[in-house]
Amino acid sequence: MLLAGPNEILPSDSGDAPPDPKVLPALVAAYGKLGYNAGYITVAEGKALASAGAALPPGFLTAGDAPQKAVYTIGGNTIGVVFFPELGRAEGPSEAAIQAVAGAAASLRPDVKLVIGVSPWGSEAESRYLAHAKPAVDVLLGGGPGIGLTARPDATGKVLWMRSFGKGKTLDALDLLAWPGGADFTWKDKVNFTFQVISLGDDYAAKPEIDALFAAFAGDGKDVKTK
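Notes on the structure in this doc start here.

Parameters at a glance
All residue numbers refer to position in the chain's written sequence, counted from 1. pLDDT decides what is reported in this predicted model: residues at 70 or higher carry local features, side-chain atom pairs at 80 or more are listed and counted, and totals for whole chains, interfaces and linings draw on all residues regardless. Side-chain metrics rest on all non-hydrogen atoms present in the structure, leaving aside hydrogens and water. The way it works is that DSSP assigns letters per residue, a run of H or I at least four long becomes a helix, a run of E at least two long becomes a strand, and they are numbered from the N terminus. Buried means the residue's accessible area, taken with a 1.4 Å probe over protein chains only, is under 20% of the maximum for its type, while exposed means over 50%, and partly exposed covers the values in between. Contacts are assigned to residue pairs with any non-hydrogen atoms lying within 4.5 Å of each other. The Shrake-Rupley method, run with a 1.4 Å probe, gives the accessible areas here. Residue values count only the displayed protein chains as cover. Take the buried Ala, Val, Leu, Ile, Met, Phe, Trp, Tyr and Cys residues and link them wherever side-chain atoms come within 4.5 Å; each set so joined is a nonpolar core. Strands qualify as paired when DSSP identifies two bridges or more between them. What counts as a ring pair is set by centres within 6.5 Å for rings of Phe, Tyr and Trp (its six-membered ring), and what kind of pair is set by the plane angle: stacked under 30 degrees, edge-to-face over 60, tilted for all other angles. Here the axes come from fitting lines to C-alpha atoms, over the contacting stretch only for helices, and the angles between their N-to-C directions go from 0 to 180 degrees.

Topic: the overall build of the protein
Within the protein, the secondary structure is distributed over five helices and 11 strands. Principal-axis analysis of the C-alpha atoms places the extent of the protein at approximately 60 × 40 × 30 Å. For the protein, with 227 residues in total, the buried portion stands at 40%. In the protein, of all internal contacts separated by at least 6 residues, the share reaching a separation of at least 24 is 54%. With the model as given, the accessible surface of the protein reaches about 11,800 Å², and the carbon-plus-sulfur share is 54%.

What to know about the nonpolar core
By size, the foremost hydrophobic cluster in this structure holds 22 residues, and its most contacted members are Val82, Phe84, Trp121, Tyr129, Val137 and Leu140. Contributing elements (two or more residues each) for this core: α3 (95–108) and α4 (123–132). With six residues, α3 is the single largest residue contributor to this core. Here Val82 is in contact with Pro67, Gln68, Lys69, Val101, Ala104, Ala105, Leu108, Val115, Ile116, Gly117 and Val118, once residues within four sequence places are set aside.

Notes on the pairing of strand β4 (residues 68–74)
Here β4 runs beside strand β5 (residues 77–83); their pairing, made up of seven bridges, is antiparallel. Counterpart to Ile74 in the pairing with β5 is Asn77. Between β4 and β5, which pair antiparallel one after the other, the connecting turn spans two residues, and Gly75 there sits at a positive phi close to 55°.

With respect to the packing of aromatic side chains
Summed over all chains, the structure comprises nine aromatic pairs. Centre to centre, the rings of Trp121 and Tyr129 are 5.6 Å apart; their planes meet at 85°, and the pair counts as edge-to-face. Members of the aromatic cluster, each reached through a chain of ring pairs, are Tyr31, Tyr36 and Phe60.

A look at the sheet that holds strand β1 (residues 3–4)
Pairing in this open sheet of three strands is parallel, and the strands run β1-β2-β3 from one edge to the other. Each end of this open sheet is capped by a strand with a single partner; those strands are β1 and β3 (60–62). By the bridge criterion, two bridges tie β1 to strand β2 (residues 38–41) in an arrangement that is parallel. Its bridge partner lying in β2, Ala4 is registered against Gly39. Where helix α2 (residues 43–51) meets the sheet, it contacts β2 and β3, and its direction lies at approximately 95° from that of β2.

So, in structure tokens, the structure goes:
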């Protein structure tokens, strides 16, 4: 299963320059060729795409003020995904937001083998959520401002939390060796999951069909080289 989280279109760090709006339609077309099952972008990213006349990549959703959910069939297995709402200016999730996420996850739970949460909250808010909320998801894929994290169980052992690293130069690969379930189940590294960060260095050849999408922007002073 291939998922894209927040800030695939715009940087989460305000110190990084956003892409030229002229490049965004090509960027959307590139994501359409990469085979993502789903993607989740922020409200700001959705507005940037709309202003550039670019539609969302196939399978992508835009965040809102309520959770969204979907079910995917992957290799004959059903996976539920809860897309967390945006928090606005709040520093941490409100009790209403926590309960809304819990309700969305609970509604998926009877029919799926795994519930994944995709968050735009940032590392600090996600940490507060995991510290103060009863686990609602099995895996939390974090996004938004903050640090990248390799996959690690939370304090309960019931939620596997990971956060992507910045600059779009890596992929996070999570392999599940067992489905979560049962009162005694907890996540254990190299027992029921493994994780690796794949660096997209020069050993990964650029794909001509992707490079062709950005050929019109070559030489304009912007780095549009892709992998």
